[in-house]
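Listed below, chain by chain, are the residues.
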Amino acid sequence: MYDVIQDVLKDVSLEAIISSVFDGKRSALDSFLLQENSLLQKEFETKIEEQQNMIAHSTVDYKDARLLKEDSDEKRLQPIYIRLFFERAFSYLEGKYAEIQKGIYRIDIIPEILSRQLKDTYNILAENLSQLLFCFDKQIFLDYQNANSILGKVHYINPGNALFDALIDCVRDLFREEMIKGTILISPEDTEEYFAFFVKNQIIDNRPNKGEDSISNELLSFIYQTSDGNFRCTSPAKFLDLHAPLNFAKQIVPPATVHSQEVTEWSFKNVTYPLYEETQIKIEADISKRKEYLQTAFSQILLDLDLEINEL
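Residues numbered from 1 in each chain as written. Predicted model: local features only at pLDDT ≥ 70, side-chain atom pairs only at ≥ 80, totals over all residues. Heavy atoms only, no water.

Draft legend 1. Representation of the overall build of the protein within the structure. Scanning the protein from N- to C-terminus turns up ten helices and seven strands. Here the protein, with 312 residues, has 25% of them falling under the buried criterion. The contacts of the protein with a sequence gap of at least 6 include a subset with a gap of at least 24, amounting to 56%. Accessible area for the protein stands at about 23,400 Å²; split by element, carbon and sulfur atoms hold 54% of it. (Helix = DSSP H or I, 4+ residues; strand = E, 2+ residues; numbered from the N terminus. Buried < 20%, exposed > 50% of the residue type's maximum accessible area, 1.4 Å probe, protein only. Contact = heavy atoms within 4.5 Å. Areas by Shrake-Rupley, 256 points an atom, 1.4 Å probe, with all protein chains shown as cover.)

Draft legend 2. Spotlight on the nonpolar core. Within the largest apolar cluster, 20 residues are counted, with the highest numbers of intra-cluster contacts made by Phe86, Ile107, Leu114, Phe134, Ile157 and Leu163. Those elements giving two or more residues to this core turn out to be helix H5 (62-92), strand E2 (104-109), helix H6 (112-122) and helix H8 (162-174). The element best represented in this core is H8, accounting for five residues. Apart from the residues lying within four places of it in its own chain, the contact partners of Phe134 are Phe86, Tyr97, Gly103, Ile104, Tyr105, Arg106, Ile107, Val154, His155 and Ile157. (Core = buried A, V, L, I, M, F, W, Y, C linked by side-chain atoms within 4.5 Å.)

Draft legend 3. Unusual backbone geometry, seen in detail. Phi is positive for Glu94, which is not a glycine, with a value near 70°. For Glu94, the location among the structural elements is in the loop between H5 and strand E1 (96-101). Judged by its relative accessible area of 63%, Glu94 falls in the exposed class. The backbone of Asn123 shows a phi angle near 55°, a positive value even though the residue is not glycine.

Draft legend 4. Fine view of the pairing of E2. Looking at chain direction, E1 and E2 are connected through five bridges and run antiparallel. Bridge pairing in E2 links Tyr97 to Ile107. Linking E1 back to E2 in an antiparallel pair, the connection comprises two residues, with Gly103 at a positive phi of about 85°. Of the pairings in the sheet, the one linking E2 to strand E3 (residues 133-135) comprises two bridges and is antiparallel in character. Across the sheet, Tyr105 pairs through a bridge with Phe134, a residue of E3. (Pairing = 2+ DSSP bridges.)

Draft legend 5. Structural context of the environment of Glu127. As for its placement among the helices and strands, Glu127 is situated in the loop between H6 and E3. Given the relative accessible area of 62%, Glu127 is considered exposed. Distance from Glu127 to Ser115, taken between C-alpha atoms, is 8.9 Å for residues twelve residues apart in sequence.

Draft legend 6. Region of the structure containing the sheet that holds strand E6 (residues 214-225). The strand order E5-E6-E7 describes an open sheet built from three strands, whose pairing is antiparallel. Of all strands in the sheet, those with a lone pairing partner are strand E5 (195-205) and strand E7 (231-234), marking the two edges. Within the sheet, the average angular offset between the axes of one strand and its neighbour, ignoring direction, is 35°. Pairing between E5 and E6: eleven bridges, direction antiparallel. By the bridge assignment, Asp205 is partnered in E6 with Ser214. (Axes fitted to C-alpha atoms, helices over the stretch in contact; angles between N-to-C directions.)

Draft legend 7. View of the packing of H6 against H8. Between H6 and H8, the least distance of the axes is 9 Å, while the angle of their chain directions is 110°. Classified by the interaxial angle, the pair formed by H6 and H8 is roughly perpendicular. As H6 packs across H8, the resulting crossing turns out to be right-handed. For the pair H6 and H8, contact is made by Ile113, Leu114, Gln117, Leu118 and Tyr122 and by Ala162, Leu163, Asp165, Ala166, Leu167, Asp169, Cys170, Asp173 and Leu174, respectively. Considered class by class, the residues forming the contact of H6 with H8 number ten nonpolar, one polar and three charged. (Parallel < 35°, antiparallel > 145°, perpendicular 65-115°, else oblique. Left-handed = near helix turned anticlockwise from the far one by under 90°. Nonpolar A, V, L, I, M, F, W, Y, C, P; charged D, E, K, R; others polar.)

Draft legend 8. Up close: the pattern of salt bridges. Tallied over the entire structure, the rule returns eight salt bridges. Of the charged contacts, one joins Arg232 and Asp228 as a salt bridge, the two residues approaching to 3.8 Å between their closest N and O atoms. Exposure remark for Arg232: the relative accessible area of 32% places this residue in the partly exposed category. A residue is classified by how much of its surface remains accessible, and Asp228, at 48% relative accessible area, is partly exposed. Between Glu278 and Lys282 there is a salt bridge, and its shortest N-O distance comes to 3.0 Å. A residue pair is termed a helical-turn pair when its members lie 3 or 4 positions apart in one helix, as Glu278 and Lys282 do in helix H10 (residues 260-311) at four residues. Overall, the relative accessible area of 37% leaves Glu278 in the partly exposed class. (Salt bridge = Lys/Arg side-chain N within 4 Å of Asp/Glu carboxyl O.)

Below, the structure written as structure tokens:
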């Protein structure tokens, strides 16, 4: 079954259809319907045949479709991943919190390592986080903000929140050596073994930023090399679907080592440089808009000054 009504009625506006059907006024729709039945039938048959030909000769790029699916899953499941990470990491560091209302939690014990990280990096004292309220669900956070907020201020746990970022810093510091050495993971979907890298691509500029690099853009990537020797890139969210081999009975044999220099060169050419070009386009567009805003503002100021001068 093919929906070709919109194609057939391309010269009839929605306003004309509404006027004819609901208001009883004569419009382009009436003129269209006054045609002979044979002409209308021929026009519908022509449009249906065109759609059949388009479908018969269309191709599906499964690689792009998979990337779109992974990107969609990453965005849709991100709040769940954030919550699972926070729960496991906070508990591992011997921190404790309790749910005091549906979806809203209160911190009871702050881990010592997290307290130091908050103080040293974010200049936040642990005493100020005692009994702190937080939530993982954005909708609950927004609903609470619009309500009476009888419990006090609630923090939304997500990237950019000092507590969440400090927790990530603690985990990275604790497991830095293990991360450098790497590990063996099992994929429930892939049929071939491969060596994977977690690559961070950064574009920095010369803006002053308190002694640190000023980051214009950043992208995390999952880079892996298949048995045919080709490198591929996908979403880093794929790591979340991998499992430790302890959960499987099969004997695990480590794959052949891939030199990091090869990965670096491939990543720069296929990920970092395209990211640089994308960033350059965005920055140039932003500069153009800022210039336009400034010119508009200055023009308005000059106009106001001229009016004031003329009134003197």
